[in-house]
Amino acid sequence: HERNRSRGRMGGQIRIRIRFRAVASPWFDYLFVSRPELEELLEGTGWRLARVVEDDTPLYVAVIEKSQLS
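What counts as what
- Residues numbered from 1 in each chain as written.
- Predicted model: local features only at pLDDT ≥ 70, side-chain atom pairs only at ≥ 80, totals over all residues.
- Heavy atoms only, no water.
- Phe/Tyr/Trp six-rings, centres within 6.5 Å; stacked < 30°, edge-to-face > 60°.
- Salt bridge = Lys/Arg side-chain N within 4 Å of Asp/Glu carboxyl O.
- Helix = DSSP H or I, 4+ residues; strand = E, 2+ residues; numbered from the N terminus.
- Buried < 20%, exposed > 50% of the residue type's maximum accessible area, 1.4 Å probe, protein only.
- Contact = heavy atoms within 4.5 Å.

**What about the packing of aromatic side chains?**
Taken as a whole, this structure holds 1 aromatic pair when the rule is applied. Relative to F32, the ring of Y30 lies with its centre 5.2 Å away and its plane at 55 degrees, an arrangement referred to as tilted.

This is the structure in structure tokens:
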């Protein structure tokens, strides 16, 4: 986390790629954030937290949706 922050990245940000045998995806960033951090990140972006799927572990899946214009 500290190394990420010293490089201007978020603490839970990782850079990964998917590999299967001789095939690999391009590198991409993946971000692990708490639910409050996610809600804060979405503020003012036009996206909203629509649903969260949780269990008794620290992991969750978030469904975000583009906010509808009124």
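Now that the structure is up, let's keep going.
**Regarding the pattern of salt bridges**
Enumeration according to the criterion identifies 6 salt bridges in this entry. The shortest N-O distance in the salt bridge between D29 and R15 comes to 3.4 Å. Linking D29 in strand β4 (residues 28–31) with R15 in strand β1 (residues 13–16), this pair joins segments that are 14 residues apart in sequence. On the accessibility criterion, R15 (45% relative accessible area) is partly exposed. Across the pair R35 and E54 runs a salt bridge whose closest N-O atoms are separated by 3.4 Å. Of the two residues, R35 is situated in helix α2 (residues 35–42) and E54 in strand β5 (residues 47–54); the sequence distance between them amounts to 19 residues. For R35, a relative accessible area of 35% corresponds to the partly exposed category.

**Section: the side chain of Q13**
Topologically, Q13 is positioned in strand β1. Assessed through its relative accessible area of 17%, Q13 is described here as buried. Setting aside residues no more than four positions away along its own chain, Q13 makes contact with N4, D29, Y30 and L31.

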